[in-house]
Amino acid sequence: MRAVNADHAGATNSPPLHGPTERADRWLAAGLVTLGLALAVNSVVGPLVAGLVSYPFSETLVYQTIGLEAVTLALVVPWTVAAAVLVLRGHPAGALLAIAPSSYSVYMFLQYVLGPEYLTYRPVVLFHLGIFVLSGAVLVLAWQRVRTDELPELSARRERRTGVGLLLLGAFVVFRYLPSFGGMVTGAPLTQEFAADPTMFWSIFLLDLGVVVPVTLATGVALLRGAGWASRVAYGVSGWYVPVPLSVAAMGTVMLVNGDPNASLGFVAVLSVAAVLFTAFASWVYRPLFGADEDLRGE
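What counts and how
- Numbering of residues starts from 1 in each chain and follows the order in which that chain's sequence is written.
- Reporting of local features is limited, given that this is a predicted model, to residues whose pLDDT is at least 70; pairs of side-chain atoms are given and counted only at 80 or more, and all residues count toward the totals for whole chains, interfaces and linings.
- Neither water nor hydrogens contribute to the side-chain values; these are computed over all heavy atoms in the structure.
- By the criteria applied, helices consist of DSSP H or I runs no shorter than four residues and strands consist of E runs no shorter than two, each listed in order from the N terminus.
- Radius of gyration: C-alpha atoms only; globule rule: 2.2 Å multiplied by the number of residues to the exponent 0.38.
- Exposed residues in this analysis have more than 50% of their type's maximum accessible area, buried residues have under 20%, and partly exposed residues fall in between, with area computed by a 1.4 Å probe over protein chains only.
- What is meant by a nonpolar core is a set of buried Ala, Val, Leu, Ile, Met, Phe, Trp, Tyr and Cys residues, joined one to another through side-chain atoms within 4.5 Å.
- Contacts are assigned to residue pairs that have any heavy atoms within 4.5 Å of one another.
- For salt bridges, the criterion is a side-chain nitrogen of Lys or Arg within 4 Å of an Asp or Glu carboxyl oxygen.
- Here the aromatic set is Phe, Tyr and Trp, taking the six-membered ring for Trp, and pairing holds for ring centres within 6.5 Å; pairs whose planes are under 30 degrees apart are stacked, those over 60 apart are edge-to-face, and all others are tilted.
- Only C-alpha atoms enter the line fits that serve as axes; for helices the fit covers just the stretch in contact. Angles between N-to-C directions range over 0 to 180 degrees.
- Each angle is binned into one of four classes, with values under 35 degrees roughly parallel, values over 145 roughly antiparallel, values of 65 to 115 roughly perpendicular, and all other values oblique.
- Charged residues are taken to be Asp, Glu, Lys and Arg, nonpolar residues to be Ala, Val, Leu, Ile, Met, Phe, Trp, Tyr, Cys and Pro, and polar residues to be all remaining types, Gly included.
- What pLDDT reports is the predictor's confidence in each residue, on a scale of 0 through 100.

### A word on the overall build of the protein
Helices and strands together make up the secondary structure of the protein, namely 12 helices and zero strands. When the helices and strands of the protein are read in sequence order from the N terminus, they spell out α-α-α-α-α-α-α-α-α-α-α-α. What you see for the protein is a C-alpha radius of gyration of 20 Å, in line with the 19 Å of a compact globule of 299 residues. Summarising its shape, the C-alpha atoms of the protein cover approximately 60 × 40 × 30 Å along the three principal directions. Residues counted as buried form 50% of the 299 residues belonging to the protein.

Right, dumping it as structure tokens:
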């Protein structure tokens, strides 16, 4: 067992950045702050606060948008700012923490662009497209700025536990779509809730089963097989599972409060418990980056 390097325990002891490295980190921090500001503006002008921007959604999806934007404003925006601060201070966790809010934003703003099914040209589409592009740029730059030589070396046991945790996360997402798979076998119509906003449903279906689940499962399997790259990816993947389940639970809660006919107390309860467990798992995954030295590889 070895102690974590001082660079992992606190940013104040990190070596100063110079030249291209310093400029790249400043660009990443600037991108994060800009992204946080854009997310905050989007939440404020939407149905959550000012209602200056309206969407051609069903009432159910409007309630869900309110819940989503509440989580974005309360959690994701501060997260982006905190990641920017850590990046500027040279903390090795900074770039890794930037992956979760940027990937969350890519995931959500693809839905903001496609989901409303606009039949007229709307200026807000350019705003949402800009956030989508910015999120992708921040995500790519964050991945490039991960300093692998400064990351703690995890023990095989911790990597296996992380891998199993990711497999369970992926399985949870797949489980949510079992009714959809059954409907595909029988040719059943979409439920009333999904049929009211079909493009939104199918875009989420594509993102979850075409991107999130494969990446999650591949990373989990790679960790179990001891692949060197997998531990870096695991930080970003586990972080993504914090804001998204919380936002889905918030969506259901807003629906319940407003008496939406598609609301389900059981659904909210399950997603709320899942959100707590996923957040606890992500916190455990990130602990070695902030000085916890259990389950680290020996010298």
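From this point, the narrative continues.
### Quick notes on the nonpolar core
Counting residues in hydrophobic clusters, the biggest one holds 70 residues, and the most contacted among them are Leu28, Leu32, Leu96 and Tyr241. Looking at this core, the element that brings in the most residues is helix α4 (residues 93–114), giving 12 residues. Setting aside residues up to four positions removed in sequence, leucine 28 forms contacts with Val87, Ala95, Val138, Leu141, Ala142 and Arg145.

### Focus on the pattern of salt bridges
The full count for this structure, using the stated rule, is three salt bridges. Between glutamate 22 and arginine 26 there is a salt bridge, with its nearest N and O atoms 3.0 Å apart. Separated by four residues within a single helix, glutamate 22 and arginine 26 lie in helix α2 (residues 19–45), roughly one turn from each other. Look at glutamate 22 and you get partly exposed, because its relative accessible area is 25%.

### Observations concerning the packing of aromatic side chains
To describe a pair of aromatic rings, one takes the distance between the centres and the angle between the planes. Considering all chains together, one arrives at 14 aromatic pairs under this definition. Ring pairing ties together the aromatic residues Tyr107, Phe172, Trp240, Tyr241 and Phe278, which thus form one cluster.

### A word on the side chain of serine 102
With respect to the helices, strands and loops of the structure, serine 102 is situated in helix α4. On the basis of relative accessible area, serine 102 is assigned to the buried category, the value being 0%. Excluding anything up to four places from it in sequence, serine 102 contacts Leu35, Ser135, Val138 and Leu139.

### Some words on unusual backbone geometry
Generally, phi is negative for residues other than glycine and the peptide bonds are trans, each holding for most cases. Of note in the backbone geometry, glutamate 117 takes a positive phi value of approximately 55 degrees without being a glycine. Of the residues examined, glutamate 117 reaches a relative accessible area of 37% and is grouped as partly exposed.

### Quick notes on the packing of α4 against helix α11 (residues 243–257)
Between α4 and α11, the least distance of the axes is 10 Å, while the angle of their chain directions is 45 degrees. Relative to α11, α4 is oriented oblique. Along its contact with α4, which presents Tyr104, Tyr107 and Met108, the element α11 presents Pro243, Val244 and Ser247. Partitioning the contact of α4 with α11 into residue classes produces five nonpolar, one polar and no charged.

### A look at the environment of threonine 219
Relative to the assigned elements, threonine 219 resides in helix α9 (residues 198–224). For threonine 219, a relative accessible area of 2% gives the class buried. Separated by 62 residues in the primary sequence, threonine 219 and arginine 157 place their C-alpha atoms 16 Å from one another. Other than its neighbours up to four places away in sequence, threonine 219 contacts Leu166, Trp229, Ala230, Val233, Ala234 and Val237.

### Quick look at helix α10 (residues 230–240)
Counting buried positions along α10 gives 10 out of 11 residues, so the element sits mostly inside the fold. Of all the residues in α10, the buried ones are Ala230, Ser231, Val233, Ala234, Tyr235, Gly236, Val237, Ser238, Gly239 and Trp240.

### Let's talk about the confidence of the model for the protein
Summarising the model, the protein shows a mean pLDDT of 91, and 90% of its residues fall at 70 or more. When the criterion is pLDDT under 50, residues 1–18 qualifies, and its contacts beyond four places in sequence or with other chains add up to 48 contacts.

### Thoughts on the environment of glutamine 144
Relative to the assigned elements, glutamine 144 resides in helix α5 (residues 123–144). For glutamine 144, a relative accessible area of 54% gives the class exposed. Measuring from C-alpha to C-alpha, the distance between glutamine 144 and alanine 24 comes to 9.4 Å, with 120 residues separating the pair along the chain.

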